[in-house]
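# Survey of secondary and tertiary structure
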Amino acid sequence: MSLKYKIPRGTYDILPEDSQFWYKLMNKFRELCRLYNYHEIVTPIFEQADLFERSVGDSSDIVEKEMYKFQDKKGRVFALRPEGTASVVRSFIENNLGRQSSITRVYYSGPMFRYDRPQKGRFRQFYQYGVEHFGSEDPFVDAEVISLANMFLTKLGLKNFRLELNSLGCRDCSPLYDQALVNYYSSLKTDLCPDCQQRLTKNPKRLLDCKVDSCRNYAREAPSILDYLDENCRRDFELVQKYLTDQGIEFIVNPRIVRGLDYYVKTAFEFTTDALGSQNTLCGGGRYDGLVEDLGGDKTPGIGFAGGFERLIEIMKIENIGFNESSEKSIYLVLLGDQARAQAAGILHELRTNGIKVDFDITKTSIKAQMKSADKAMTNYSLIIGDEELARKTVILKDMSTGEQQIIQKKELVSTLIPLVQQ
Ligand code: HAM
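Moving on, we come to the overall build of the protein chain. Looking only at helices and strands, the protein chain features 15 helices and 16 strands. Taken against the 2.2 N^0.38 rule, which gives 22 Å for 423 residues, the C-alpha radius of gyration of the protein chain at 28 Å runs more than 25% over that of a compact globule. Over its C-alpha atoms, taken along the principal directions, the protein chain stretches across nearly 95 × 55 × 45 Å. Of all 423 residues assigned to the protein chain, the portion counted as buried reaches 48%. Carbon and sulfur atoms form 48% of the exposed surface of the protein chain, whose accessible area is close to 22,200 Å². Of the side chains in the protein chain, 57 bear a positive and 59 a negative charge, and the two mean positions are spaced by 5 Å.

What follows is the structure in structure tokens.
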């Protein structure tokens with residue numbers, strides 16, 4: 001066999017042996033969102049490219065370098081979504097989701113696309129889970145959103161993570177901080193990496209996020225945003241910390257958390273881990289109080305977060321965390337002879353109609369081969385049906401762990417199996 005087609009670089013298949021894992025992770029997230037009264041929203045995987053340019057920001061790496069942009073047949077410019085917030089805000093405005101209540105809470109999950117250099121924990125197509133909360137500026141909500149992320153990671157059984165918290169200031173005080181950064185970095189300009197030299201004029205806060213060693217050293221000595229917060233931002237940031245402490249959620253204040261997207265104001269946070277190497281952010285988010293208005297909606301504050309499933313799965317493997325397999329018992333149908341095969345469809349239908357999961361292997365005919373398959377499938381019970389049983393309207397039920405067999409009437413099959421599989 002020669003491989004004629006290969007998967008695109010930076011993407012991967014979720015294979016059948018892993019898909020249950022994904023499904024369960026998503027179910028856990030759904031379950032938690034229900035507790036916090038969030039409702040699911042599903043948006044298209046492509047949008048007008050301009051939506052991301054306006055929201056994520058022209059000077060962000062995502063828009064500058066990483067968007068999968070394309071033209072449709074009518075020349076309209078679209079982009080595969082690099083993140084979920086912009087699409088959710090677009091939908092919030094377009095569908096007037098805020099009309100029914102002062103608060104709107106939504107959650108989402110699905111593939112996102114960024115054309116970045118693939119590496120461990122960084123893909124070109126990756127799956128995010130996330131939430132967005134619209135309608136309140138109250139720092140209580142910040143703590144509530146952070147608590148949801150914290151609860152999710154905790155409920156999954158993760159231990160090796162921490163919450164890093166910052167305030168980026170509002171649109172009044174943030175420019176003063178940008179100016180302080182420009183002043184600090186101006187004399188260092190020639191020592192900065194080419195990207196940072198550009199950031200200095202376009203988006204000074206992003207200088208703090210550079211991964212180049214020399215730039216990182218300068219970032220350590222840079223002025224702190226916390227010294228530039230105005231009264232209102234400072235008070236709200238203190239309240240967020242108080243509400244987190246009230247819930248027993250530990251955090252560290254890290255004034256160098258700037259996030260890579262331009263829409264953030266005030267609270268910004270990341271859940272990070274030491275277990276994953278350089279791609280160490282499990283999830284991140286923050287406030288974006290001006291975004292709804294910037295995209296044409298009524299003035300509406302918002303806050304949310306998103307995380308990648310891949311990094312979660314990776315760390316769960318490292319920490320040896322699995323999901324408890326369901327206690328559902330499995331049944332294997334063993335068919336002996338043509339008569340039994342002829343009746344198999346009816347039996348399978350009856351079992352499935354009654355919610356009983358059943359497996360069989362039509363390629364095998366001998367009892368030995370079929371019992372071997374049943375063993376391999378780690379089945380709990382086998383149902384053996386041969387000509388003799390058919391003539392007597394019975395089936396043989398074999399408990400695979402004890403080897404015990406019993407003969408049951410075919411008409412009592414479902415009522416006998418239900419208590420066994422639900423045990
Ligand atoms: P973000 O920090 O760009 O924020 O991405 C959130 C998370 O998505 C990251 O912490 C990481 O777990 C995962 N992630 C990002 N890029 C990749 C990649 N290339 N491969 C694998 N995983 C990745 C946002 O996307 C914001 N929309 C979050 C938000 C929601 N802010 C407010 N609401």
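The local shell around the ligand holds 27 residues, among which E83, T85, E132, R259 and Y264 are the closest. In the environment of the ligand, an oxygen atom lies 3.1 Å from a nitrogen or oxygen atom belonging to the side chain of Q128. Expressed as a share of its isolated accessible area of 660 Å², the protein-covered part of the ligand is 95%. At the level of secondary structure, the elements contributing two or more residues to the shell around the ligand comprise β6 (125-134), β10 (281-287) and β11 (302-308). Along the lines of polarity and charge, the residues of the shell around the ligand split into 11 nonpolar, 10 polar and 6 charged.

Spatially, 8 strands are ordered β1-β5-β6-β11-β10-β9-β7-β8 in an open sheet, and the strand pairing comes out mixed. Two strands close off the open sheet at either side, each with one partner strand: β1 (39-40) and β8 (252-253). Examined bridge by bridge, strand β9 (residues 265-272) and β10 share 6 bridges and lie antiparallel to one another. Directly across from V265, in β10, lies its bridge partner R287. Helix-sheet contacts for helix α9 (residues 231-246) involve β7 (162-167), β8 and β9, and the interaxial angle to β7 is about 160°. Against the sheet, helix α11 (residues 309-318) contacts β6, β10 and β11, and its axis sits at roughly 110° relative to β6.

For the structure shown, the criterion picks out 24 aromatic pairs. Pairing W22 with F309 gives two aromatic rings, centres 5.6 Å apart and planes at 75°, and the pair type is edge-to-face. You can see W22 sitting in helix α1 (residues 16-35) and its partner F309 sitting in helix α11, a full 287 residues away along the chain. Residues Y129 and F309 carry aromatic rings whose centres are separated by 5.2 Å and whose planes lie at 35° to one another, so their mutual orientation is tilted. One end of the pair, Y129, is in strand β6; the other, F309, is in helix α11, and 180 residues separate them in sequence.

Interaxial distance between helix α5 (residues 139-155) and α9 falls to 8 Å at its minimum, and their mutual angle equals 45°. One way to sum up the angle between α5 and α9 is to call them oblique. Every pair of crossing elements has a handedness; the one defined by α5 and α9 is right-handed. For the pair formed by α5 and α9, the contact residues are P139, F140, D142, A143 and I146 on the first element and D236, L239, V240, Y243 and L244 on the second. Class assignment for the residues of the contact of α5 with α9 results in 8 nonpolar, no polar and 2 charged.

Reading guide: rules and limits
- Residues numbered from 1 in each chain as written.
- Predicted model: local features only at pLDDT ≥ 70, side-chain atom pairs only at ≥ 80, totals over all residues.
- Heavy atoms only, no water.
- Helix = DSSP H or I, 4+ residues; strand = E, 2+ residues; numbered from the N terminus.
- Rg over C-alpha atoms; globule rule 2.2 N^0.38 Å.
- Buried < 20%, exposed > 50% of the residue type's maximum accessible area, 1.4 Å probe, protein only.
- Areas by Shrake-Rupley, 256 points an atom, 1.4 Å probe, with all protein chains shown as cover.
- Lys, Arg positive; Asp, Glu negative; His and termini not counted.
- Charge placed at Lys NZ, Arg CZ, Asp CG, Glu CD.
- Near = heavy atom within 4 Å.
- Polar contact = N/O pair within 3.5 Å; in protein donor to acceptor, adjacent residues only side chain to side chain.
- Nonpolar A, V, L, I, M, F, W, Y, C, P; charged D, E, K, R; others polar.
- Pairing = 2+ DSSP bridges.
- Contact = heavy atoms within 4.5 Å.
- Axes fitted to C-alpha atoms, helices over the stretch in contact; angles between N-to-C directions.
- Phe/Tyr/Trp six-rings, centres within 6.5 Å; stacked < 30°, edge-to-face > 60°.
- Parallel < 35°, antiparallel > 145°, perpendicular 65-115°, else oblique.
- Left-handed = near helix turned anticlockwise from the far one by under 90°.

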